[in-house]
Amino acid sequence: MHFLGQVQFGVYQEPEDDPVADSVDAITRHQQSHVNHEAVIVPSHRNPFQNNEEEITFFIGLREVLAQDITPSNFGLTPIEWDSEEYLAFETIRVGCRVAKEVDISLAEPIWYSRACLWCQALSALSFYLLSTEL
């Protein structure tokens, strides 16, 4: 802040070594060895609807999907998409870079299945709605 205050008077000095910036750079270099994947494209954060009427129309359609308890396919939510006869109780994920360690994550059906189903219903309805408005 002091630097910007002096610029208005024509005083400019090269910034001295910044210990905070050096620390950030050091941390970034250290963590870089742990990044083993390509960068993920982040979706747009803009509202997908052009106006309030479009948003209302979408939510009316989503309400219908929820009322009819429609479970979309190809999201791993239906029994025919599961490797076993029932919803998985846990999922094993591998963590670690050099020494692979497996961690079991609980997927308790009363909690996670309903959340996953709601998420996929909304995602499927939104995808369908956006595709239908492009035509």
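The text that follows walks through the structure, step by step, so that each part is easy to find. All values reported here derive from a predicted model rather than from experimental measurement.

1. Considering the nonpolar core
Moving on, step 1. Counting seven residues, the largest nonpolar core consists of Leu77, Trp82, Tyr87, Leu107, Tyr113, Cys117 and Cys120.
Moving on, step 2. Those residues in contact with Cys120 that sit more than four places away from it in its chain are Pro72, Phe75 and Leu77.
Moving on, step 3. Among the nonpolar cores identified, the runner-up in size contains five residues, and Phe49, Phe58, Ala125 and Tyr129 belong to it.

2. A word on the packing of aromatic side chains
Moving on, step 1. This structure, assessed with the given rule, holds four aromatic pairs.
Moving on, step 2. Considering the side-chain rings of Phe58 and Phe59, the 5.0 Å spacing of their centres and the 70° angle between planes classify their relative orientation as edge-to-face.
Moving on, step 3. For Phe58, a relative accessible area of 7% translates into the label buried.
Moving on, step 4. By the ring-pair criterion, three or more aromatic residues cluster together here, those being Phe49, Phe58, Phe59 and Tyr129.

Thresholds, definitions, all that
- Residues numbered from 1 in each chain as written.
- Predicted model: local features only at pLDDT ≥ 70, side-chain atom pairs only at ≥ 80, totals over all residues.
- Heavy atoms only, no water.
- Core = buried A, V, L, I, M, F, W, Y, C linked by side-chain atoms within 4.5 Å.
- Buried < 20%, exposed > 50% of the residue type's maximum accessible area, 1.4 Å probe, protein only.
- Contact = heavy atoms within 4.5 Å.
- Phe/Tyr/Trp six-rings, centres within 6.5 Å; stacked < 30°, edge-to-face > 60°.

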